[in-house]
Every structure is written in structure tokens, then in C-alpha cells.
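Geometric and topological summary
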Amino acid sequence: MALIKLSIEGLSTLQRLPAVLSPAAFEKAKIAGVRYAAKATIPAVAKAISSRYNIKSSRVKQDTKGPFFRADEASLVFSRKPPTLLQYGFKPGRRGGPQKGLGQGRGWSVPLSAGRPASAQILRAGTRVSYPNTFLAKGLPFTRTSRKLRVEHGPSTGSLFLGQSQFGDAIRDEVLTRMNEQLMKGIERALDSAARGYGK
């Protein structure tokens with residue numbers, strides 16, 4: 001598992017509220033905001049990753065746990081286990097036939113279609129990547145090596161979220177922005193309810 005921590009800007013802003021709120025109202029507003037943000041975090045992670053990488057949002061959600069809040073930080077836990085290329089649109093290769101030559105007094109015959117290597121598409125807006133030594137067997141993409149067969153995998157959800165990935169910074173910024181938006185929205189909802197006499 002990979003643990004990622006994000007700094008939440010909204011909670012530092014919330015620290016100024018006790019001057020105008022009772023301690024009990026302050027704590028309720030804080031808890032409500034955190035819970036409201038928590039509900040939106042994993043969908044935000046799934047949307048940010050699947051809009052850039054060719055992996056389904058349901059798989060991203062499956063591999064993401066959290067968020068877990070402490071003070072002004074939120075922690076997300078990702079599975080380190082990478083999915084196979086099947087999650088990235090893997091297509092098996094196809095054998096091509098020999099090119100037919102001149103027919104027996106009947107001119108050129110119709111050529112057979114050319115073969116194609118296996119391929120997968122990692123980036124949503126990218127081109128397909130060829131895997132010439134990879135084939136599908138028993139429902140898994142295997143690659144022939146000099147010594148043995150190995151199952152071919154794509155990048156894990158955790159590695160896509162980390163800064164080492166091509167869009168890691170943009171993905172984290174998008175998720176953090178969404179978390180802070182929902183945090184403040186949850187706080188406002190709690191304060192509105194308290195002002196109307198609810199949530200006591």
C-alpha cells in the first residue's frame with residue numbers, strides 16, 4: 001500500500017471561526033466539513049486519473065482507500081498492486097498470412113491482411129503501445145522472455161497519483177482543489193443549519 005498525504009487549506013481558514021462561534025458549534029462545523037469532503041475525495045481521484053489514463057474509474061476507486069483526516073492533513077491509501085494490461089484496453093495480436101503471388105494465368109490474387117502485434121493504450125489521449133511478444137492466454141496477457149513467461153502489467157493507481165507519473169502533479173492539485181471546495185461547502189451547510197436552529 002502507498003500512503004499519500006495532502007495539506008488541506010480550508011482547515012487552517014476554519015481556525016478563525018471560534019472567535020464568532022461557540023466551541024461546540026465550531027467542532028460540529030469542522031466535523032461536518034471533513035465528512036462532506038471525505039465523500040467527494042475518492043470520486044475526485046477516480047475522475048482525475050481516468051480522464052488522463054485509459055483505466056476505468058471503478059478500478060481506481062477499488063484501489064483507493066480513505067481519506068483519513070488528522071489536523072490539516074488528509075491521507076489517501078493506494079494499492080501498490082498494478083493491474084494487468086487488460087485494464088488498459090489490451091488487444092491481442094493477429095497473425096498475418098503470406099502474401100499471395102501471381103495467380104495461374106488469372107493475374108494478381110487478393111493479398112491476405114497483414115498481421116498486427118498486441119497493443120494497449122496507457123494514456124487516454126495517447127497512441128496505442130505495441131507489445132510484439134505478448135499474447136493472451138488463460139485470460140491474462142503474457143510476454144515471452146528468454147527464460148519464462150511473465151504477466152504484463154500497467155501502472156498502478158498509486159504510481160499514477162505520485163509525482164513520478166506524467167500527470168501526478170496535475171492529478172493531486174485537482175483532487176486537493178475538490179477536497180477544499182467540498183470542505184468549505186460542508187462547513188457552510190453546517191453553519192446554515194445551525195443558524196436555522198437545526199443540528200443542535
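Residues numbered from 1 in each chain as written. Predicted model: local features only at pLDDT ≥ 70, side-chain atom pairs only at ≥ 80, totals over all residues. Heavy atoms only, no water.

1. Focus on the sheet that holds strand 8 (residues 149-151)
How we decide: Should DSSP find at least two bridges between two strands, the strands are taken to pair. In this text, helices come from DSSP runs of H or I with a minimum length of four residues, and strands from runs of E with a minimum of two, each type numbered from the N-terminal end. Only C-alpha atoms enter the line fits that serve as axes; for helices the fit covers just the stretch in contact. Angles between N-to-C directions range over 0 to 180 degrees.
With antiparallel pairing, three strands are arranged side by side in an open sheet as 6-7-8. Of all the strands in the sheet, the pair left with one neighbour each is strand 6 (134-137) and strand 8. The average angle at which neighbouring strand axes cross in this sheet is 40 degrees, direction not considered. The sheet contact formed by strand 7 (residues 140-144) and strand 8 spans three bridges and is antiparallel. Bridging from a neighbouring strand, T143 pairs with R150 of strand 8.

2. Looking at the packing of helix 2 (residues 23-50) against helix 5 (residues 168-195)
The line we're drawing: Put simply, angles under 35 degrees are roughly parallel, angles over 145 are roughly antiparallel, angles from 65 to 115 are roughly perpendicular, and the rest are oblique. For a crossing to be left-handed, the near helix must be turned anticlockwise from the far one by less than a right angle; the clockwise case is right-handed.
Contact geometry of helix 2 with helix 5 gives a least axis separation of 7 Å together with a crossing angle of 150 degrees. The angle between helix 2 and helix 5 places the two elements in the roughly antiparallel class. As helix 2 packs across helix 5, the resulting crossing turns out to be right-handed.

3. A few points about the layout of surface pockets
As a reminder, the rule being used: Cavities and pockets were defined on a 1 Å grid built over protein atoms only: a cavity is a set of grid points that admits a 1.4 Å probe from which the probe cannot escape, a pocket is an open set flanked by protein on both sides within 12 Å along at least five of seven lines, and lining residues are those with an atom within 4 Å of any such point. Grid points are joined across faces, edges and corners, and a volume is the space filled by probe spheres set on the points. By the convention adopted, Pro, Cys, Tyr, Trp, Phe, Met, Ile, Leu, Val and Ala count as nonpolar, Lys, Arg, Asp and Glu as charged, and the other residues, Gly among them, as polar.
By volume, the largest pocket is sized at about 220 Å³. As for the largest pocket, its lining consists of 14 residues, of which G93, R95, T134, F135 and R144 are closest to the centre. Looking at the lining of the largest pocket element by element, the count peaks at three residues for strand 6. In the lining of the largest pocket, the residues fall into seven nonpolar, three polar and four charged.

4. Focus on the nonpolar core
The condition is simple: Nonpolar cores are built from buried Ala, Val, Leu, Ile, Met, Phe, Trp, Tyr and Cys residues. Side-chain atoms within 4.5 Å join them into one set. Exposed residues in this analysis have more than 50% of their type's maximum accessible area, buried residues have under 20%, and partly exposed residues fall in between, with area computed by a 1.4 Å probe over protein chains only.
By size, the foremost hydrophobic cluster in this structure holds 22 residues, and its most contacted members are V45, I49, Y53, F161, I171 and V175. Those elements that provide at least two residues to this core are helix 2, strand 3 (73-78), strand 4 (118-120), helix 4 (157-161) and helix 5. When residues in this core are grouped by element, the largest group, four residues, is from helix 2. Grouped together as the second largest cluster of nonpolar side chains are five residues, A29, V34, A37 and I187 included.

5. Looking at helix 5
Each α-helix winds once per 3.6 residues, and so residues spaced three or four apart point in a common direction. Test applied: What a helix should span is 1.5 Å times the count of its residues minus one.
Counted at 1.5 Å a residue, the expected span for helix 5 with its 28 residues is 40 Å, and the 41 Å between its end C-alpha atoms agrees. Of all the positions in helix 5, only G168, I171, V175, L176, M179, N180, Q182, L183, G186 and I187 are classed as buried.

6. Some thoughts on helix 2
Selection criterion: One fitted axis covers the seven residues ending at a residue, a second covers the seven starting there, and the bend at that residue is the angle between these axes.
When the terminal C-alpha atoms of helix 2 are compared, their 41 Å separation across 28 residues agrees well with the 40 Å that a helix rising 1.5 Å per residue should span. The sharpest bend along helix 2 comes to roughly 30 degrees, located at T41, with the proline P43 sitting one to four residues further on.

7. Quick look at the pairing of strand 7
Relative to strand 7, strand 6 runs antiparallel, the two sharing four bridges. Its bridge partner being in strand 7, A137 is matched across the sheet by L140. With antiparallel pairing between neighbouring strands as the criterion, strand 6 and strand 7 make up a hairpin whose turn holds two residues, including K138 at a positive phi of roughly 55 degrees. Taken together, strand 7 and the strand that follows it, strand 8, pair antiparallel across an intervening segment of four residues.

8. Let's talk about the pairing of strand 3
Within strand 3, five of the six residues are buried, leaving the element largely enclosed by the surrounding structure. Here five bridges tie strand 2 (residues 64-70) to strand 3, and the two strands are oriented antiparallel to one another. Each residue of the ladder has a partner; that of K65, found in strand 3, is V77.

9. Comments concerning the packing of aromatic side chains
Applied cut-off: Only Phe, Tyr and Trp rings take part, Trp by its six-membered ring, and two of them pair if their centres are within 6.5 Å. Stacked means planes under 30 degrees apart, edge-to-face means over 60, and tilted covers everything else.
Enumeration according to the criterion identifies three aromatic pairs in this entry. Geometrically, the ring pair formed by Y53 and F167 is edge-to-face, given 5.7 Å between the ring centres and 75 degrees between the ring planes. A residue pair is termed long-range when its members are at least 10 positions apart, and Y53 in the loop between helix 2 and helix 3 (57-62) and F167 in the loop between helix 4 and helix 5 qualify at 114 residues. On the accessibility criterion, Y53 (4% relative accessible area) is buried.

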